[in-house]
Amino acid sequence: MPDRILSIAANTFRETIRNKIMYAILAFALLVIGLSYFLADLSVGELTRIIVDVGLACIHFFGVIVAVFIGITLVNQEMERRTVYLILSKPVRRWEFVVGKAAGLSGTLALIVLVMAVVLFLVHRAYGGRPEAGIFIASAGIYMELVLLICLASLFSTFTTPVLSAIFTIAMFLVGHVSKDLLFFGGRSDVPAVRWLSEGVFYALPNLENFNWKNEVVYGKLRSAGVLLNAGSYLVFYGGAVLLLACLLFARKDFK
Amino acid sequence: MPGTDRLVELERVSKSYPAGFWRRRVGILSELSFSVGKNEIVGFLGPNGAGKTTTIKILNHLAIPDSGKVRVFGEEAGQSPEIRRRIGFMPEQPYFYEYLTGGEFLRLCGHLYGMGRGEMNRSVGEMLGRLGLAGAGGKTIRKYSKGMMQRLGLAQALLHDPELVILDEPMSGLDPMGRMEVRNLIRDLKTAGKTVLFSSHIVSDVEALCDRVVMIDRGKKVAEGSLEELVGGGGVQYVELVFSPVPSPARLAAVSLPPDAGSVLGDAYVVKAHDTEEANRLIPRFREAGALVRSCYPVKKRLEDIYMERVARGDGRERAVPPVGS
Ligand SMILES: Nc1ncnc2c1ncn2[C@@H]1O[C@H](COP(=O)(O)OP(=O)(O)OP(=O)(O)O)[C@@H](O)[C@H]1O
Ligand SMILES: [Mg+2]
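Summary of the structure given here. (Residues numbered from 1 in each chain as written. Chains lettered and ligands numbered in written order. Predicted model: local features only at pLDDT ≥ 70, side-chain atom pairs only at ≥ 80, totals over all residues. Heavy atoms only, no water.)

### Here's the deal with the packing of helix H2 (residues 20–34) of chain A against helix H4 (residues 47–80) of chain A
All names here are of chain A. Condition: The axes used here are C-alpha line fits, helices contributing only the stretch in contact, and every angle between their N-to-C directions lies in the interval 0 to 180 degrees. Here a helix means four or more residues in a row that DSSP labels H or I, a strand means two or more in a row labelled E, and each is numbered from the N terminus. Throughout, the term roughly parallel applies to angles under 35 degrees, roughly antiparallel to angles over 145, roughly perpendicular to angles from 65 to 115, and oblique to all others. By definition, residues are in contact when any of their heavy atoms lie within 4.5 Å.
Here H2 crosses H4 at 170 degrees, and the two axes come no closer than 9 Å. The orientation of H2 with respect to H4, classified from their angle, is roughly antiparallel. Each of Ile21, Met22, Ile25, Phe28, Ala29, Val32 and Ile33 in H2 lies in contact with H4, whose residues at this interface are Gly55, Cys58, Ile59, Phe62, Ile65, Val66, Phe69 and Ile70.

Quick look at the structure:
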């Protein structure tokens, strides 16, 4: 990685960890994870299993909030506040800026997901659960999904406003969890055009269920390395394609 | 002396932006051409909205022209990052990452310029000192005043000792002291062999500093040249004569001045003569009318007058706010 990308990534990471809102969200997330005991009390079933269940959902939920928040504000903000002028007038290629930003944000998300996962692991232990490595494996899946969302947010940021970028990113997140169902229903149609269309849409839209291993962890069925590898390569190819598109759009951008 | 090699060349550059609901394109620059020679200080003048910032953005490849050629160091603008290492750019009202300290920001810039660690640390300290920010390097930019931001903007543009310095309104937001410092800084850059292009609407700053001036209005060039070329003919606009005591109306009539050439100012009578010859013809006639000459002063034509001629009165258009020039 060239030094310039590293500098931009490091600066982006620094920006997020100096952001007070981030700490507020993180503190709230940790509180909810810590309180999952009380949530569990209302439900039926095995206590520790439900702590993992609720905790992972919590990591997922807050992770998405943070990803959308920093993905949108940071990339769009650079253009709105014109800090981007100071960076791009230096010997920096435009794609290096996009990649550096995405790398820095991914670093922040790694830290946040790790902190939440460690807290969940400890809470789970405190309530008498066995050491559960699955928490970290499921969190890794959540993290990969968040990185994909960052790539999408960067793409939307290159051509639209912060609010629209946020809406598009959240829409992608929602659709990304049901795109497989779309394929399923579309595939049952008698009209070939509908089948092709649903298949085309399925491959164009992100399939975020690729990264969802929460249930397997809760029910004690750890995923095999093959599935992890599969998810990793999906992230590399799909996320890479999205980021490439973002770079291409950004390269032609005329700054206001 | 303007060098033969041109560091910046614009050739018939046009730029438009889509505007309004139908995204109709509105022309911002039309067929703008000018150049900046090596080791020149060139002032880029024009009223608000003339297109100065747009032109400067095009030079830095932040905006892309619709048509025309833009060459910097002989290469098409924005083609290679290596060219940008030789340029220092300060945008208009620069805005920084406010969570960084001034020093941290300059070090980030140093990294992006590809400076070595030793060179960078030395240069950051030097720049902070030179721009009067020595005590502020460790302060977060959020706490900077407007003038401090402006100074930091200059510091980041000069950090890597660039050959070509492009500044968009470097004096705006500065106190008189700060403006003086920036003037001196720009002069020092020229002495050090650098080339400077800066925009401004403060005519006196441009007049005091520049070898050459490029004046634009509504996206079109209205004047280009050295100060002497623009002001022309030795630059004397008229000769101001002050006589006292004020002659009586009857004796004044005998002097037979052209209409509007004279006026009473307190207990003196002020006359505008076209040139020194006319002044010399007038002096004895006033002596006969009983008034003695107290002062005789050639009033030079200033850049501001040219500016008013070419810009404010251009095409019989009226401006709600006259351009600032003081
Ligand atoms: N992104 C944009 N979209 C549409 N119009 C724009 C855009 N940027 C600038 N303009 C218009 O272009 C014209 C020139 O703007 P520019 O900022 O270049 O002027 P300027 O000479 O720098 O003025 P000032 O002295 O006020 O800084 C203005 O009429 C402005 O409204
Ligand atoms: Mg401007």
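Now that the structure has been shown, the text picks up again.
### Quick word on the interface of chain B and chain A
Basically, it comes down to this: Accessible surface is computed with a 1.4 Å probe, and the buried area is the amount of it that two parts give up when combined, taken over both parts together. Salt bridges are defined as contacts in which a side-chain nitrogen from Lys or Arg sits within 4 Å of a carboxyl oxygen from Asp or Glu. Under the rule applied, a polar contact is a pair of N or O atoms within 3.5 Å (in protein, one hydrogen donor and one hydrogen acceptor; residues adjacent in sequence only if both atoms are side-chain atoms). Residue polarity follows a fixed list, in which Ala, Val, Leu, Ile, Met, Phe, Trp, Tyr, Cys and Pro are nonpolar, Asp, Glu, Lys and Arg are charged, and the others, Gly among them, are polar.
Residue-level contacts link 29 residues of chain B with 26 residues of chain A. Summed over both partners, the interface of chain B with chain A buries about 2,900 Å², with 56% contributed by carbon and sulfur atoms. Looking at the side of chain B facing chain A, the largest losses of area belong to Leu62, Tyr99 and Leu112 of chain B, adding up to 26% of the total buried there. At the boundary of chain B with chain A, the tally comes to 2 salt bridges. Inspection of the chain B/chain A interface yields 17 residue pairs in polar contact (both at pLDDT 80 or more). Secondary-structure elements contributing two or more residues to the side of chain B that touches chain A are strand E1 (6–19), helix H2 (81–84) and helix H3 (102–113) of chain B. At 7 residues, the largest contribution of residues to the side of chain B that touches chain A is made by H3 of chain B. Taken together, the residues of the side of chain B that touches chain A break down into 17 nonpolar, 5 polar and 7 charged.

### Observations regarding the site of ligand 1
Selection criterion: If a single non-hydrogen atom of a residue is within 4 Å of a molecule or strand, that residue counts as near it. Methods summary: accessible areas were calculated by the Shrake-Rupley approach with a probe of 1.4 Å, and residue burial reflects only the protein chains presented.
Near ligand 1 lie 14 residues; those nearest to it are Gly49, Lys52, Thr53, Thr54 and Glu92 of chain B. What surrounds ligand 1 is not a single chain but chains A and B. With respect to ligand 1, the side chain of asparagine 48 of chain B contributes an N or O atom lying 2.8 Å from an oxygen atom. At a separation of 2.7 Å, an oxygen atom of ligand 1 approaches a polar side-chain atom of lysine 52 of chain B. A total of 640 Å² of accessible area belongs to ligand 1 in isolation, and the protein chains cover 69% of it. Per element, the largest residue contribution to the shell around ligand 1 is 3 residues, and it comes from helix H1 (residues 52–59) of chain B. Its residues assigned to classes, the shell around ligand 1 comprises 4 nonpolar, 6 polar and 4 charged.

### Looking at the coordination of the magnesium ion (ligand 2)
All names here are of chain B. Selection criterion: A donor here means an N, O or S atom no more than 2.8 Å from the metal, or no more than 3.2 Å when the metal is Na, K or Ca. Since water is not included, a site may seem to lack partners. Think of it in three bands: with a 1.4 Å probe and only protein chains considered, a residue is buried below 20% of the maximum accessible area for its type, exposed above 50%, and partly exposed in between.
Within the protein, Thr53 (OG1) and Glu92 (OE) serve as the donor atoms for the magnesium ion (ligand 2), at 1.9 to 2.3 Å. Within this pair, whereas threonine 53 is found in helix H1, its partner glutamate 92 is found in the loop between strand E6 (87–90) and H3, the two being separated by 39 residues in sequence. Taking the relative accessible area as the measure of exposure, glutamate 92 reaches 26% and is therefore partly exposed.

### Some remarks on H4 of chain A
Just so we agree on the cut-off: By this rule the span expected of a helix is its residue count minus one, scaled by 1.5 Å.
Taking 1.5 Å per residue, 34 residues should reach 50 Å; H4 of chain A reaches 48 Å between its end C-alpha atoms and fits that length. Looking one or two places after H4 of chain A, you find arginine 82 of chain A, whose phi comes out positive at around 65 degrees.

### A few points about the sheet that holds strand E3 (residues 41–45) of chain B
Strands belonging to one sheet form pairs held by backbone hydrogen bonds; the direction of such a pair is parallel or antiparallel. Residue and element names in this part refer to chain B. This is how the line gets drawn: Any two strands with at least two DSSP-identified bridges between them are counted as paired.
Reading across the sheet, the 6 strands line up as E6-E7-E8-E3-E9-E10 and stay open at both edges, with mixed pairing between neighbours. With one partner strand each, in any of the chains shown, E6 and strand E10 (220–226) form the two edges of the open sheet. Taken over all neighbouring pairs, the strand axes of this sheet differ in orientation by 15 degrees on average, direction set aside. Where strand E9 (residues 212–217) meets E10, 6 bridges bridge the pair, whose relative direction is antiparallel.

### Some thoughts on the nonpolar core
Residues and elements named next belong to chain B. Put simply, the rule is: Here, nonpolar core means buried Ala, Val, Leu, Ile, Met, Phe, Trp, Tyr and Cys residues that are tied together by side-chain atoms lying within 4.5 Å of each other.
Formed by 154 residues in total, the largest nonpolar core has its most connected members in Phe105, Phe198 and Leu303. Discounting residues that sit within four places of it in the chain, leucine 303 has contacts with Leu45, Val203, Val206, Glu207, Val213, Met215, Leu227 and Leu230. In terms of nonpolar packing, the next biggest core, distinct from the first, is built from 15 residues, Val239, Leu241, Ala279 and Ala291 among them.

### Brief notes about the packing of aromatic side chains
Heads up, the condition is: Pairs were defined over the aromatic rings of Phe, Tyr and Trp, the Trp ring being its six-membered one, requiring ring centres within 6.5 Å. Orientation was assigned from the angle between planes: stacked under 30 degrees, edge-to-face over 60, tilted for the rest. For a Lys NZ or an Arg CZ to count as sitting over a ring, it must be within 6 Å of the ring centre and within 35 degrees of the ring normal.
The tally for this structure, following the rule as stated, stands at 16 aromatic pairs over all chains. Considering the side-chain rings of tyrosine 234 of chain A and tyrosine 238 of chain A, the 5.5 Å spacing of their centres and the 20 degrees angle between planes classify their relative orientation as stacked. Separated by 4 residues within a single helix, tyrosine 234 of chain A and tyrosine 238 of chain A lie in helix H12 (residues 225–251), roughly one turn from each other. Each residue in the set Tyr85, Phe97, Phe250 and Phe255 of chain A is aromatic and connected to the rest through ring pairs, giving one cluster. Sitting over the face of the ring of phenylalanine 73 of chain B, arginine 86 of chain B holds its NZ or CZ atom 3.9 Å from the ring centroid. Here the basic side chain of lysine 272 of chain B rests over the ring of tyrosine 238 of chain B, its NZ or CZ set 4.7 Å away from the ring centre.

### A closer look at the sheet that holds strand E5 (residues 75–76) of chain B
All names here are of chain B. Read from one edge to the other, the open sheet built from 4 strands follows the order E2-E1-E4-E5, with strand pairing classed as antiparallel. Looking along the sheet, the strands with just one partner apiece sit at the ends: strand E2 (24–37) and E5. As defined by bridge partners, E1 adjoins strand E4 (residues 67–72) across 5 bridges and the pair is classed as antiparallel. Each bridged residue has a counterpart across the sheet, and for valine 8 the counterpart in E4 is valine 72. Contacting E1, E2 and E4, H1 runs over the sheet at an angle of about 120 degrees to E1.

### Section: the pattern of salt bridges
Residues and elements named next belong to chain B. Tallying each qualifying case throughout the model produces 21 salt bridges over all chains. Glutamate 82 is paired through a salt bridge with arginine 85; the nearest N and O atoms lie 2.8 Å apart. Each of the salt bridges in this network shares a partner with another, and the network as a whole consists of Arg6, Glu9, Glu11 and Arg71.

This is a description of form; function is not addressed.
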